[in-house]
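Remarks on the overall topology
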Amino acid sequence: MGVSWAERDEAGLEPVQGVEAVHENLHATFVAAGALEEATGYYYGRQWHTAVRSYRRHIFFTPESAVTDSVLFRLGKSLERTGERKKASNIYEQLLDQYPGSVFEEETRLTLARIHFRNGDSELAGLELDEEIEYGNDRSFIEEASYLKTWVFIHDFDFDDARAWLGKQREFDSEKIVSANSILRGKFNEQRHINYKS
């Protein structure tokens, strides 16, 4: 078939003109659309590895489409489900960097915080959660971020800050916040018991 338009661009060659350019662009569009349709089917069919390949193919052929933020989000979710959290984290970072204000931004921030937390990096998790709490628009995501922030404090054995943090979360009256308060009380009791024995 010759050199693709992307390879020409990378090599610094003159862009393809006329009918050949239209044909290449049309071909890329059809391949990308087919890849997206396949990927969506694999994603909802929980065939994560195949979904990853199809989403990557879509991004390769149309890196700047109207649905790229959605594709990146689902690619990240698929990578997570295959156990590739580091790659998923990179995809989520790309989505946040390239598509600020995306409808997936808040959920992506929470997902990224969870990955950081699971990887033992409570500092990075806390930063993502702080971003969501400070700038988020969706109350449910902000509440979830507030709940997860409590776990960052508990994970770091910073029970005093966890208590102070939960005290500020009075506007949220969810089961999760109540549960976090209960767990924190248990941690304080454990700590008192250990100190009493010492």
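Please refer to the structure placed before this passage.
Here we summarise the structure given alongside this text. (Residues numbered from 1 in each chain as written. Predicted model: local features only at pLDDT ≥ 70, side-chain atom pairs only at ≥ 80, totals over all residues. Heavy atoms only, no water.)

1. Section: the overall build of the protein
Counting its secondary structure elements, the protein contains 10 helices and zero strands. Ordered by position from N to C terminus, the α and β elements of the protein give α-α-α-α-α-α-α-α-α-α. Classification of the 198 residues of the protein by burial places 40% in the buried group. Looking at the protein alone, contacts between residues at least 24 apart form 46% of all its contacts between residues at least 6 apart. Accessible surface, the protein as shown: approximately 12200 Å² in total, 51% of it carbon and sulfur. (Helix = DSSP H or I, 4+ residues; strand = E, 2+ residues; numbered from the N terminus. Buried < 20%, exposed > 50% of the residue type's maximum accessible area, 1.4 Å probe, protein only. Contact = heavy atoms within 4.5 Å. Areas by Shrake-Rupley, 256 points an atom, 1.4 Å probe, with all protein chains shown as cover.)

2. Examining the pattern of salt bridges
Following the criterion strictly, the structure yields six salt bridges and no others. Across the pair lysine 87 and glutamate 84 runs a salt bridge, and its minimum N-O distance is 2.9 Å. Its relative accessible area of 41% is what places lysine 87 among the partly exposed residues. The salt bridge involving glutamate 128 is made with arginine 109; its shortest N-O contact spans 3.1 Å. Here the residue glutamate 128 occupies a position in helix α7 (residues 122-135), and arginine 109 occupies one in helix α6 (residues 105-118), the gap between them amounting to 19 residues. The pair glutamate 128 / arginine 109 is uniform in exposure class, with both members buried. (Salt bridge = Lys/Arg side-chain N within 4 Å of Asp/Glu carboxyl O.)

3. What to know about the packing of α6 against helix α8 (residues 139-155)
Relative to each other, α6 and α8 sit at 15 degrees, their axes nearing to 10 Å. Relative to α8, the element α6 is oriented roughly parallel. As for how α6 packs across α8, the hand of that crossing is left-handed. Taken together, the residues of α8 that come into contact with α6 (itself represented by Glu106, Glu107, Leu110, Arg114 and Phe117) are Phe141, Glu144, Ala145, Leu148, Trp151, Val152 and His155. Its residues assigned to classes, the contact of α6 with α8 shows seven nonpolar, one polar and four charged. (Axes fitted to C-alpha atoms, helices over the stretch in contact; angles between N-to-C directions. Parallel < 35°, antiparallel > 145°, perpendicular 65-115°, else oblique. Left-handed = near helix turned anticlockwise from the far one by under 90°. Nonpolar A, V, L, I, M, F, W, Y, C, P; charged D, E, K, R; others polar.)

4. Describing the environment of threonine 111
Relative to the assigned elements, threonine 111 resides in helix α6. You can call threonine 111 buried: its relative accessible area is 3%. Through-space distance from the C-alpha of threonine 111 to that of alanine 88 is 9.7 Å; in sequence the pair is 23 residues apart. Those residues within four positions of threonine 111 in sequence are excluded, and the remaining contacts are Lys77, Glu80 and Tyr92.

5. Focus: the packing of aromatic side chains
Overall, the coordinates contain three aromatic pairs when judged by the stated rule. Measuring from ring centre to ring centre gives 4.9 Å for phenylalanine 73 and phenylalanine 104, while their planes differ by 25 degrees; the resulting arrangement is stacked. With phenylalanine 73 in helix α4 (residues 68-81) and phenylalanine 104 in the loop between α5 (85-98) and α6, the pair connects residues that are 31 residues apart, well separated along the chain. For the pair formed by phenylalanine 73 and phenylalanine 104, the shared burial category is buried. Ring pairing ties together the aromatic residues Phe73, Tyr92 and Phe104, which thus form one cluster. (Phe/Tyr/Trp six-rings, centres within 6.5 Å; stacked < 30°, edge-to-face > 60°.)

6. Some details on the side chain of serine 122
For serine 122, the position within the fold is in helix α7. One polar contact links serine 122 to aspartate 156, side chain to side chain, over a distance of 2.8 Å. For serine 122, the contacting residues outside a window of four places in its chain are Phe117, Val152, His155 and Asp156. (Polar contact = N/O pair within 3.5 Å; in protein donor to acceptor, adjacent residues only side chain to side chain.)

7. Section: unusual backbone geometry
Outside of glycine, negative phi angles account for most residues, and trans bonds account for most peptide bonds. In this structure, arginine 46 is a non-glycine residue whose phi angle is positive, near 60 degrees. One can find arginine 46 in the loop between α2 (18-44) and α3 (48-61).

8. Looking at α8
Over its 17 residues, α8 runs 24 Å from end to end, which matches the ideal 24 Å to within 8%, given 1.5 Å per residue. Most of α8 is tucked away, with 12 of its 17 residues classed as buried. For α8, the complete set of buried residues consists of Ile142, Glu143, Glu144, Ala145, Ser146, Tyr147, Leu148, Lys149, Thr150, Val152, Phe153 and Ile154. Just downstream of α8, phenylalanine 157 is the residue with a positive phi angle, here 55 degrees. (Expected span 1.5 Å × (residues − 1).)

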